[in-house]
Amino acid sequence: QVQLVESGGGLVQAGGSLRLSCAASGSIFRLDAMGWYRQAPGKQRELVATITTTSSANYEDSVKGRFTISINNAKNTVYLQMNSLKPEDTAVYYCNANVKPAALRPAVSYWGQGTQVTVSS
């Protein structure tokens, strides 16, 4: 099993910044990619940003230029630096990791428990 532990959510005023962290631990043979998704009340979960272990990143259009995703491969940890936050960024943010648990086993997608980000206007 793989555990994802998230931290860094909270309440911030519009225009402020937050940094989310997510550390993966457990049965990790190879970590392929990590990412952040979010789900606002009444809406479906959506991709925010993803990054591979070679630091190839992908962003949802509304966060480009404001959010930066990074990865520390030695620590199996992904970060999301969120600047210029807007009220519409309010959501529960979920960490995701694509992990190959063993050499002869397929990759599995794991999810964190979620961390609340609230941006007040």
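Residues numbered from 1 in each chain as written. Predicted model: local features only at pLDDT ≥ 70, side-chain atom pairs only at ≥ 80, totals over all residues. Heavy atoms only, no water.

Novice: Any chance you could break down the overall build of the chain for me, citing the residues and the numbers?
Specialist: Each helix and strand in the chain was counted, giving 0 helices and 11 strands. In the chain, the succession of α and β elements from N to C terminus is β-β-β-β-β-β-β-β-β-β-β. Its C-alpha atoms give the chain a radius of gyration of 14 Å, near enough to 14 Å, the size a compact globule of 121 residues would have. Principal axes of the C-alpha set define a box for the chain whose edges measure 50 × 25 × 20 Å. Taking all 121 residues of the chain together, the buried fraction comes to 39%. For the chain, restricting intrachain contacts to residue pairs at least 6 apart in sequence, the fraction spanning at least 24 positions comes to 55%. Carbon together with sulfur atoms contributes 49% to the accessible area of the chain, which is approximately 6300 Å² in total. Separation of charge centres in the chain, based on 11 positive and 7 negative side chains, amounts to 7 Å. (Helix = DSSP H or I, 4+ residues; strand = E, 2+ residues; numbered from the N terminus. Rg over C-alpha atoms; globule rule 2.2 N^0.38 Å. Buried < 20%, exposed > 50% of the residue type's maximum accessible area, 1.4 Å probe, protein only. Contact = heavy atoms within 4.5 Å. Areas by Shrake-Rupley, 256 points an atom, 1.4 Å probe, with all protein chains shown as cover. Lys, Arg positive; Asp, Glu negative; His and termini not counted. Charge placed at Lys NZ, Arg CZ, Asp CG, Glu CD.)

Novice: Residues and numbers for the packing of aromatic side chains, please.
Specialist: In the structure shown here, the tally under the stated rule is 1 aromatic pair. Ring centres 5.0 Å apart and planes at 70° place the aromatic pair Y37 and W111 in the edge-to-face group. Taken as a pair, Y37 in strand β4 (residues 30-39) and W111 in strand β10 (residues 108-111) lie far apart in primary sequence, 74 residues in all. Over the aromatic face of Y79 sits the side chain of R19, whose NZ or CZ is 4.2 Å from the ring centroid. The ring of W111 has R45 lying over it, and the distance from NZ or CZ to the ring centre is 4.7 Å. (Phe/Tyr/Trp six-rings, centres within 6.5 Å; stacked < 30°, edge-to-face > 60°. Lys NZ or Arg CZ within 6 Å of the ring centre and 35° of its normal.)

Novice: Describe in detail the state of the cysteines, supporting the description with residues and values.
Specialist: Tallied over the full model, the rule gives 1 disulfide. One disulfide in the model links C22 with C95; its S-S distance is 2.0 Å. Because the torsion about its S-S bond is -85°, the bridge between C22 and C95 counts as left-handed. Note that C22 is positioned in strand β3 (residues 18-26) and C95 in strand β9 (residues 91-100), a separation of 73 residues in sequence. Here the two residues C22 and C95 agree in accessibility, since each one is buried. (Disulfide = S-S within 2.5 Å.)

Novice: So what's going on with the pattern of salt bridges? Residues and values would help.
Specialist: Using the criterion set out here, one finds 5 salt bridges in the structure. The salt bridge partner of D32 is R30, with a shortest N-O separation of 2.6 Å. Residue D32 is classed as partly exposed on the basis of its relative accessible area, which comes to 25%. On the basis of relative accessible area, R30 is assigned to the partly exposed category, the value being 42%. (Salt bridge = Lys/Arg side-chain N within 4 Å of Asp/Glu carboxyl O.)

Novice: Kindly report on the side chain of N96, identifying the contributing residues and their values.
Specialist: Along the polypeptide, N96 turns up in strand β9. Overall, the relative accessible area of 6% leaves N96 in the buried class. In this structure N96 touches L4, A33, M34, G35, Y37, S109, Y110 and W111, once residues within four positions along its chain are discounted.

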